[in-house]
Structures are given as C-alpha cells and as structure tokens.
Amino acid sequence: QVQLVESGGGLVQAGGSLRLSCAASGRTFSSYAMGWFRQAPGKEREYVAAITWNSGHTYYVDSVKGRFTISRDNAKNTVYLQMNSLKPEDTAVYYCAARFTGYSDYVPSERDYDYWGQGTQVTVSS
C-alpha cells in the first residue's frame, strides 16, 4: 500500500512558476513509477507527466513539454513537478499517482496507476 500526499499548489500569475511535491509512504517507493495528472473543471483528467523508478525515462503531454519537468528523489520518497511559464490553461487540480513496476523502465499508461493522492489546486491568473 502506498499513500501519496501532494503539496505546493497555489495561485500564480501567468508566466510564473510553481513546484509541486508528492510525498509517498512506504519503503519501496523506488520500485514505483510515478505520474502527475490534472483535471480542470468540466474537463477529463489529463495525463501530464511520468517518470520511471530510476528517472531513466520520462513522459510529458505535448502541451507541457519544455515548460514542466518531472523529477524524483528516492531517498526522500518524493516526486516533483516543476512548472514554469505557467498559462491560465494549466489551471486544474493536480494529482500524483503511483504504479508498481519493479525496477523496470516501463512507463505506465494513464490507466495503469494503482494509487492516487488527494490533489492540489493550481490556479494561474491571466
């Protein structure tokens, strides 16, 4: 069982930056691939970014490439999402998620995740 707690959301002006953190419980964090999702009001959940257990592979949705960076610190059981050049369309609740992958380079598809955090609100004003 993995418990995930996001933090770092808030209100920021367009062009600004935020760094989201997701702290995971458990001693086997390093054997999980981690992902970030977001959901805006009235829209479907969107798979934003993912990272494999050793940071060897990452995934980004096209709309955030070059602006967002996913990273992880296995010693701290934490995954991060650095968000730069934020746009109003980035406004959403952001969720982190975990998928057990062992020590493989498998990047989960968006339907593969087993554990979810409660979400953190990101609001970008124009």
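Please read all numbers here as calculations on a predicted model, not as lab measurements.

A short note on the sheet that holds strand β1 (residues 4-7)
Think of a sheet as strands paired side by side through backbone hydrogen bonds, with each pair either parallel or antiparallel.
Here's step 1: Here four strands make up an open sheet; going across it, the order is β1-β3-β8-β7 and the pairing antiparallel. Both outer strands of the open sheet, β1 and β7 (68-73), are each paired with one neighbouring strand and no more. Direction aside, neighbouring strands of the sheet carry axes that sit 15° apart on average.
Here's step 2: Relative to strand β8 (residues 78-83), strand β3 (residues 18-24) runs antiparallel, the two sharing six bridges. Bridge pairing in β8 places C22 opposite V79.

Description of unusual backbone geometry
Here's step 1: You will see that N77, though not glycine, has its phi angle at about 55°, which is positive.
Here's step 2: Along the chain, N77 falls in the loop between β7 and β8.
Here's step 3: The phi angle at S85 is positive, at roughly 50°, despite the residue not being glycine.
Here's step 4: Within the secondary structure, S85 is located in the loop between β8 and β9 (92-100).
Here's step 5: Residue classification places S85 among the partly exposed residues on the basis of a relative accessible area of 39%.

A look at the nonpolar core
Here's step 1: Counting residues in hydrophobic clusters, the biggest one holds 30 residues, and the most contacted among them are M34, W36, L81, M83 and Y94.
Here's step 2: Broken down by secondary-structure element, the contributors of at least two residues to this core are β3, β4 (32-39), β5 (46-51), β7, β8, β9 and β11 (120-125).
Here's step 3: Among residues more than four places away in sequence, those in contact with Y94 are E6, L20, W36, F37, R38, F68, L81, M83, G119, T120 and V122.
Here's step 4: In terms of nonpolar packing, the next biggest core, distinct from the first, is built from five residues, F37, A50, A97 and Y113 among them.

Conventions we followed
Residues numbered from 1 in each chain as written. Predicted model: local features only at pLDDT ≥ 70, side-chain atom pairs only at ≥ 80, totals over all residues. Heavy atoms only, no water. Pairing = 2+ DSSP bridges. Helix = DSSP H or I, 4+ residues; strand = E, 2+ residues; numbered from the N terminus. Axes fitted to C-alpha atoms, helices over the stretch in contact; angles between N-to-C directions. Buried < 20%, exposed > 50% of the residue type's maximum accessible area, 1.4 Å probe, protein only. Core = buried A, V, L, I, M, F, W, Y, C linked by side-chain atoms within 4.5 Å. Contact = heavy atoms within 4.5 Å.

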